[in-house]
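This is what each chain is made of:
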Amino acid sequence: MTPYDIYRNWKSSLSYIAPEDTQIMMAKTTRAIRAVEEIFNQGPNTEAGAEAVEVLRKLRKFENDLRLRK
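The shown structure was predicted, so the numbers you read here are calculated from the model rather than taken from an experiment.

How each quantity is defined
Residues numbered from 1 in each chain as written. Predicted model: local features only at pLDDT ≥ 70, side-chain atom pairs only at ≥ 80, totals over all residues. Heavy atoms only, no water. Helix = DSSP H or I, 4+ residues; strand = E, 2+ residues; numbered from the N terminus. Rg over C-alpha atoms; globule rule 2.2 N^0.38 Å. Buried < 20%, exposed > 50% of the residue type's maximum accessible area, 1.4 Å probe, protein only. Contact = heavy atoms within 4.5 Å. Areas by Shrake-Rupley, 256 points an atom, 1.4 Å probe, with all protein chains shown as cover. Core = buried A, V, L, I, M, F, W, Y, C linked by side-chain atoms within 4.5 Å.

## Observations concerning the overall build of the protein
Inference 1: From N to C terminus, the protein includes 3 helices and 0 strands.
Inference 2: For the protein, the α and β elements follow one another from N to C terminus as α-α-α.
Inference 3: A compact globule built from 70 residues would reach a C-alpha radius of gyration of about 11 Å, and the protein, at 12 Å, matches this within 12%.
Inference 4: Over its C-alpha atoms, taken along the principal directions, the protein stretches across nearly 40 × 20 × 15 Å.
Inference 5: In the protein, which comprises 70 residues, the share counted as buried stands at 33%.
Inference 6: Sequence-distant contacts, at least 24 apart, represent 62% of the contacts inside the protein between residues at least 6 apart.
Inference 7: Carbon and sulfur atoms form 51% of the exposed surface of the protein, whose accessible area is close to 4800 Å².

## Some details on the nonpolar core
Inference 1: Among the nonpolar cores identified, the biggest contains 16 residues, and W10, V36 and L59 are the most heavily contacted of them.
Inference 2: Looking at this core, the elements that each hand over two or more residues are α1 (3-14), α2 (22-42) and α3 (47-69).
Inference 3: The dominant element in this core, judged by the number of residues it contributes, is α2, at 6 residues.
Inference 4: Ignoring any residue separated from it by four or fewer positions in sequence, one finds W10 in contact with K28, T29, A32, L59 and F62.

## Here's the deal with the environment of I39
Inference 1: If you trace the backbone, I39 turns up in helix α2.
Inference 2: Residues I39 and E51, spaced 12 residues apart in sequence, show a C-alpha to C-alpha distance of 9.4 Å.
Inference 3: Once residues within four sequence positions are removed from consideration, I39 is found in contact with M1, T2, P3, I6 and A48.

## A look at the environment of D5
Inference 1: Note on placement: D5 falls in helix α1.
Inference 2: You can call D5 partly exposed: its relative accessible area is 26%.
Inference 3: Taking the C-alpha atoms as reference points, D5 and R31, separated by 26 residues in sequence, lie 14 Å from one another.

Treat this as a map of the structure, not an account of what it does.
Here is the structure:
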């Protein structure tokens, strides 16, 4: 899976969760971040590594927003 695939799956799974279920959203977001970090750690100077940087930025921003919402 590419980082973009992980992001699309994560975004899709969040669409089925109620906005007030922040714990579930946080768990899914954390799982997605770990998966993308693994890809980044395999080769940050590759095309997948560049994609991972973009996706990590989006995921971490969402994660921070969730933490502020609590």
